[in-house]
Amino acid sequence: MSENMERDNIFTLTDEEGNESEFELLGELNVDDNVYLALIPLDGDEDEYVILKVEVDENGDELLVTIDDDDEFDNVADAFEDTFMGEIDLDGNVDDN
């Protein structure tokens, strides 16, 4: 997946087959000197989110790419769970605790 455009925490992503989908930014983390975004699909199940890695292409443009390494994905998913899931539920409500 690559980022097509961003507006007000909404990302329009294009998959390998050219299909576009919109996602809302749930959170951003820096793990091991890499930036990752957790995104919730606007037209999908609110209980699920995707994690994508921010990479820079040869032109200096930022792209969002899937994480192919299972260990890297597990490490980043754990970091997101630890950081955000106690504070934000997937309905967008902030935990007041």
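Please refer to the structure placed before this passage.
I will try to describe carefully the structure that is included in this document. Predicted, not measured: the structure shown is a model, and the values here were computed from it.

### Quick notes on the pattern of salt bridges
Two side chains carrying opposite charge are able to pair once their charged atoms lie near each other.
Alright, step 1. With the rule as written, the count across this model stands at 1 salt bridge.
Alright, step 2. Measuring nitrogen to oxygen at the nearest pair gives 3.1 Å for the salt bridge that ties Lys53 to Glu72. Highlighted residues: Lys53 in strand E5 (residues 50-56) and Glu72 in helix H1 (residues 70-84), separated in sequence by 19 residues.
Alright, step 3. In this structure Glu72 comes out as partly exposed when scored by relative accessible area, which is 21%.

### Topic: the environment of Phe73
Alright, step 1. For Phe73, the location among the structural elements is in helix H1.
Alright, step 2. Residues Phe73 and Ile51, spaced 22 residues apart in sequence, show a C-alpha to C-alpha distance of 8.1 Å.
Alright, step 3. When sequence neighbours within four positions are dropped, the list of residues in contact with Phe73 reads Ile51 and Ile67.

### Here's the deal with the side chain of Lys53
Alright, step 1. The class of Lys53 is buried, set by a relative accessible area of 14%.
Alright, step 2. A polar contact of 3.1 Å, which involves the side chain of Lys53, links it to the side chain of Glu72.
Alright, step 3. Leave out the neighbours within four places in its chain, and Lys53 touches Asn34, Val35, Tyr36, Leu63, Leu64, Val65, Ile67 and Glu72.

### A look at H1
Every α-helical turn comprises 3.6 residues, leaving residues that sit three or four positions apart pointing alike.
Alright, step 1. An ideal rise of 1.5 Å per residue puts 21 Å on 15 residues; H1 measures up with 21 Å between its terminal C-alpha atoms.
Alright, step 2. Three or more residues of H1 are buried, namely Val76, Ala77, Ala79, Phe80 and Phe84. For H1, the angular spread of the buried residues around the axis is 160°, confining them to a single face. Of the residues in H1, the exposed ones pointing more than 90 degrees away from the buried face are Asp70, Asp71 and Asp82.
Alright, step 3. Here the buried face of H1 lies against strand E3 (20-31), strand E4 (34-41) and E5.

About the thresholds
- Residues numbered from 1 in each chain as written.
- Predicted model: local features only at pLDDT ≥ 70, side-chain atom pairs only at ≥ 80, totals over all residues.
- Heavy atoms only, no water.
- Salt bridge = Lys/Arg side-chain N within 4 Å of Asp/Glu carboxyl O.
- Helix = DSSP H or I, 4+ residues; strand = E, 2+ residues; numbered from the N terminus.
- Buried < 20%, exposed > 50% of the residue type's maximum accessible area, 1.4 Å probe, protein only.
- Contact = heavy atoms within 4.5 Å.
- Polar contact = N/O pair within 3.5 Å; in protein donor to acceptor, adjacent residues only side chain to side chain.
- Expected span 1.5 Å × (residues − 1).
- Arc of directions from axis to C-beta.

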